[in-house]
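Structural overview
Each chain, written out:
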Amino acid sequence: MQSINPFTGKVICDYKEYSSSEVEKIILKVDQAFHSWKLTSFEQRAIFMKNLQARLLVKKEELAGIIVSEMGKVKREAIGEIEKCASVCGYYAENAESFLKNEPIKTEASEAYISYQPIGTVLAVMPWNFPFWQVFRFLAPALMAGNTGVLKHASNVSGCALAIEQLVSEAGFPENVFRTLLIGSNAVKAVIENPLIKAVTLTGSTPAGRSVASIAGYALKKSVLELGGSDPYLILEDADIETAARLCVTSRLLNAGQSCIGAKRFIIAEVIYDQFKAEFVRLMSEAKFGDPLDPETSIGPLARIDLRDELHQQVVKSVEMGATVLFGGFIPEGSAAFYPPTVLENVVPGMPAYHEELFGPVAVLFRANSEEAIRIANDTVFGLGAGVFTSNIEKGKALAEKGLEAGCVFVNDFVKSDPRLPFGGIKESGYGRELSVVGIREFVNVKTVVVR
Ligand code: NAP
């Protein structure tokens, strides 16, 4: 397993994959840790979680440096990611107890209530794009609920995976409450099938989700899937065009476009199409790609050369089929995995840019009247996030609630994850939710207790 700096192209480190017997031994230890961890009070867990929050903040420069070197995110975004991890630790340290307190239910019995109990060791299979945040939004609620966890991180961010394990240990959590497994994706099946693993959560691509879900399904273990997205944004004719264009470009370019909830398809009312397009292309063309450590850089390289090449192929094939490039659309010279901000129009069904997730800084513009707009927005296998820009808030809310097929819809803003709000998708974007009260209840036994 190799970490390669996508800006320099240099190998940072070669990691030896753990053998199956090493993996089994770790899982056994994590299971043993569960039996005492589950008995700790919320108060005790919160002390460790707050230590973890503090460690993240103390070490944010160093940790952000690992993210930058392993996957190329610009430094200021990497620091923001670490701060967000600290915030989710604080959030669950403060709220887990109230989220999981017993809930009385009136029946004929003298007492009846729901008791939320931990279930054991949960496997987290995680992606490289937010290599700390994706893990922490699993880790914080899982540990606060009294579960233990093992992490199989993406193979290109093993440095991040080991740093997270180290942080948990530095925060004083009991040994083996959370462990990292350095394994490839072909070793995941055996981990899911291990009887000591009680559930699995995966954040990643739809094919990976399909595979993990089928193994978990056969093993009769609960799974939560946070998968890909091709988020549509409706720009209605009464939208504030400048604000809409600025926020849409911000969302499209965040993390060099490698975000599941990045705004990807822009469906613009006919009457404002030309004006929005001009502003959108102008802002996309102003974004500067370069060294992720340079504070002037807006977007860094993509995480890996192969992913950059795949993205370019999606653009090339779409153009061969008739799409128009308004800006970008080429591979820059040099060894870094750069891809320039790119804008496409005249994209129609059948083209990769119409149907597939574009995991990089590539935007697709559609011109549509109001009836077509919703149809185009929902004409996708994905259903993660979506946005509406309009000055008519009631109309925006109606489209958000009843029109757009997505797990989260933001009106006059772009979709962001927030510890306080449920996060997740529908259709091939997955199932289950992370964050908020809903997220912490995914991996607990919702136990009914009745007393006569
Ligand atoms: P990926 O290739 O699916 O990998 C994600 C994780 O799954 C990695 O740890 C990977 O391990 C593992 N994996 C891949 N194939 C697997 C299989 N067949 N069985 C078991 N494990 C498997 O995704 P990625 O390229 O890292 O991340 C980008 C994708 O994640 C995008 O589609 C993006 O939209 C999605 N994503 C979704 C969310 C969300 O919350 N919905 C958030 C972030 C990203 P290896 O690295 O060893 O292959």
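Every chain begins its residue count from 1, and numbering advances along the sequence as written. Local features are withheld for residues below a pLDDT of 70 in this predicted model, meaning they are given only at 70 or higher, and side-chain atom pairs are given and counted only at 80 or more; totals for whole chains, interfaces and linings count all residues. Values shown for side chains rest on all heavy atoms present in the structure; no hydrogens or waters enter the calculation.

A few words now on the domain arrangement of the protein chain. The assigned domain composition of the protein chain is domain 1 (2–227 + 427–451) and domain 2 (231–411). Note that the domain bounds were set by an automatic or database domain assignment. Look at where the C-alpha atoms of domain 1 and domain 2 centre, and you get two points 30 Å apart. Contacts between the two partners involve 23 residues from domain 1 and, on the opposite side, 32 residues from domain 2. Buried area is calculated as the accessible area (1.4 Å probe) missing from two parts once they are joined, with the contributions of both summed. Approximately 2,200 Å² of surface area, both sides summed, lies buried where domain 1 meets domain 2, with 54% of it carried by carbon and sulfur atoms. Residue contacts are defined here by distance: any two heavy atoms, one from each residue, within 4.5 Å place the two residues in contact.

This brings us to the sheet that holds strand β8 (residues 197–203). Read from one edge of the open sheet, 6 strands run β7-β6-β5-β8-β9-β19, paired in mixed fashion. Only two strands of the sheet have a single neighbouring strand rather than two, namely β7 (178–180) and β19 (430–431). Only strands that DSSP links by at least two bridges are regarded as paired with each other. Each helix is a run of DSSP H or I of at least 4 residues and each strand a run of E of at least 2, with the numbering of both proceeding from the N terminus. Strand direction decides the pairing type here: strand β5 (residues 121–125) and β8, joined by 5 bridges, are parallel. Paired with V125 across the two strands is L202, which belongs to β8. Each of β5, β6 (148–152), β7 and β8 is contacted by helix α1 (residues 20–37), which is oriented at about 150° to β6, the strand it contacts most. Note on definitions: angles span 0 to 180 degrees between N-to-C directions of axes, and those axes are lines fitted to C-alpha atoms, for helices only across the stretch in contact.

Moving on, we come to the layout of surface pockets. Over the atoms rolls a probe the size of a water molecule, and in doing so it shows where empty space is left. Lining residues are defined by having an atom within 4 Å of a point belonging to a cavity or pocket. Those points lie on a 1 Å grid over the protein atoms alone, cavities being sets where a 1.4 Å probe fits but cannot get out and pockets being open sets with protein on both sides within 12 Å along at least five of seven lines. Grid points are joined across faces, edges and corners, and a volume is the space filled by probe spheres set on the points. The space that makes up the largest pocket amounts to roughly 1,000 Å³. Looking at the largest pocket, it is lined by 39 residues, and the ones nearest its centre are W128, G204, S205, T206 and A208. Looking at the lining of the largest pocket, the elements with two or more residues in it are α7 (188–193), β8, α8 (206–218) and α11 (305–320). Looking at the lining of the largest pocket element by element, the count peaks at 6 residues for α8. Taken together, domain 1 (2–227 + 427–451) and domain 2 (231–411) each give at least three residues to the lining of the largest pocket, which thus spans both. Computed from the structure, the second largest pocket encloses a volume of approximately 550 Å³.

Okay, the nonpolar core next. Side-chain atoms within 4.5 Å link the members of a nonpolar core, which is a set of buried Ala, Val, Leu, Ile, Met, Phe, Trp, Tyr and Cys residues. Throughout, exposure labels follow a simple rule: accessible area from a 1.4 Å probe, protein chains only, divided by the maximum for the residue type, with under 20% read as buried, over 50% as exposed, and the rest as partly exposed. The biggest cluster of nonpolar side chains holds 126 residues, and the ones touching the most others in it are F132, F136 and L139. When residues in this core are grouped by element, the largest group, 12 residues, is from helix α4 (residues 75–99). Mapping this core onto the domain boundaries places at least three of its residues in each of domain 1 (2–227 + 427–451) and domain 2 (231–411). Membership of the second largest hydrophobic core comes to 21 residues, among which are I26, V125, V150 and I183.

Our next topic: the pairing of strand β11 (residues 263–269). Among the 7 residues of β11, 7 are classified as buried, and the element is accordingly described as predominantly covered. Note: strand β10 (residues 231–235) against β11, 5 bridges, orientation parallel. By the bridge assignment, L234 is partnered in β11 with I267. In this region the chain leaves β10, passes through helix α9 (residues 241–253) and returns to the parallel neighbour β11; the handedness of that crossover is right-handed. The pairing of β11 with strand β14 (residues 362–368) spans 5 bridges and is classified as parallel. Bridge pairing links I268 to R367 in β14. Orient the strands so they point away from the viewer, and a crossover whose first-strand-to-second-strand path over the helix runs clockwise is right-handed.

Let us look at unusual backbone geometry. Although it is not a glycine, L435 adopts a positive phi angle of roughly 70°. Counting through the fold element by element, L435 comes out in the loop between β19 and α15 (436–440). Despite not being glycine, S436 shows a phi value in the positive range, around 60°. Summarising the element assignment, S436 is placed in helix α15. Given the relative accessible area of 2%, S436 is considered buried.

What follows covers the sheet that holds strand β20 (residues 444–451). With antiparallel pairing, the 3 strands of this open sheet are ordered in space as β3-β4-β20. Strands with a single pairing partner mark the edges of an open sheet, and in this sheet they are β3 (103–104) and β20. Pairing of β3 with strand β4 (residues 111–118), which is carried by 2 bridges, proceeds in the antiparallel orientation. Bridge assignment links P104 to a residue of β4, and that residue is Y113.

This part covers empty space enclosed by the protein. Taken as a whole, this structure holds 3 cavities of 30 Å³ or more when the rule is applied. In this structure, the largest cavity occupies an estimated 110 Å³ of space. Lining the largest cavity are 16 residues, with F138, P141, G439, E442 and F443 positioned closest to its centre. Going through the elements one at a time, α5 (133–144) and α15 are the ones with two or more residues in the lining of the largest cavity. Among the elements that take part in the lining of the largest cavity, α5 stands out by supplying 4 residues, more than any other. Just so you know the grouping, Ala, Val, Leu, Ile, Met, Phe, Trp, Tyr, Cys and Pro go in nonpolar, Asp, Glu, Lys and Arg go in charged, and all remaining residues, Gly too, go in polar. Here the residues of the lining of the largest cavity sort into 9 nonpolar, 3 polar and 4 charged. Approximately 60 Å³ is the volume found for the second largest cavity. Together, 15 residues line the second largest cavity, and P232, F382, G383, G385 and E405 are the ones closest to its centre. Among the secondary structure elements, those contributing two or more residues to the lining of the second largest cavity are β10, α13 (370–378), β15 (382–383) and β16 (385–389). For the lining of the second largest cavity, a count of residues per class yields 7 nonpolar, 5 polar and 3 charged.

Moving on, we come to the packing of aromatic side chains. For this analysis, a ring pair means two rings from Phe, Tyr or Trp (six-membered ring only for Trp) whose centres lie within 6.5 Å, classed as stacked if their planes differ by under 30 degrees, edge-to-face if by over 60, and tilted for the remaining angles. All told, the structure shown has 15 aromatic pairs when counted by the stated rule. A ring pair is formed by W37 and F48, whose centres lie 6.0 Å apart and whose planes are at 40°; its orientation type is tilted. Highlighted residues: W37 in helix α1 and F48 in helix α2 (residues 42–58), separated in sequence by 11 residues. By relative accessible area, W37 is classed as buried at 1%. An angle of 55° between the planes, with centres 5.6 Å apart, marks the rings of W37 and F173 as tilted. With W37 in helix α1 and F173 in the loop between α6 (158–170) and β7, the pair connects residues that are 136 residues apart, well separated along the chain. By the burial criterion, W37 is buried, and F173 matches it.

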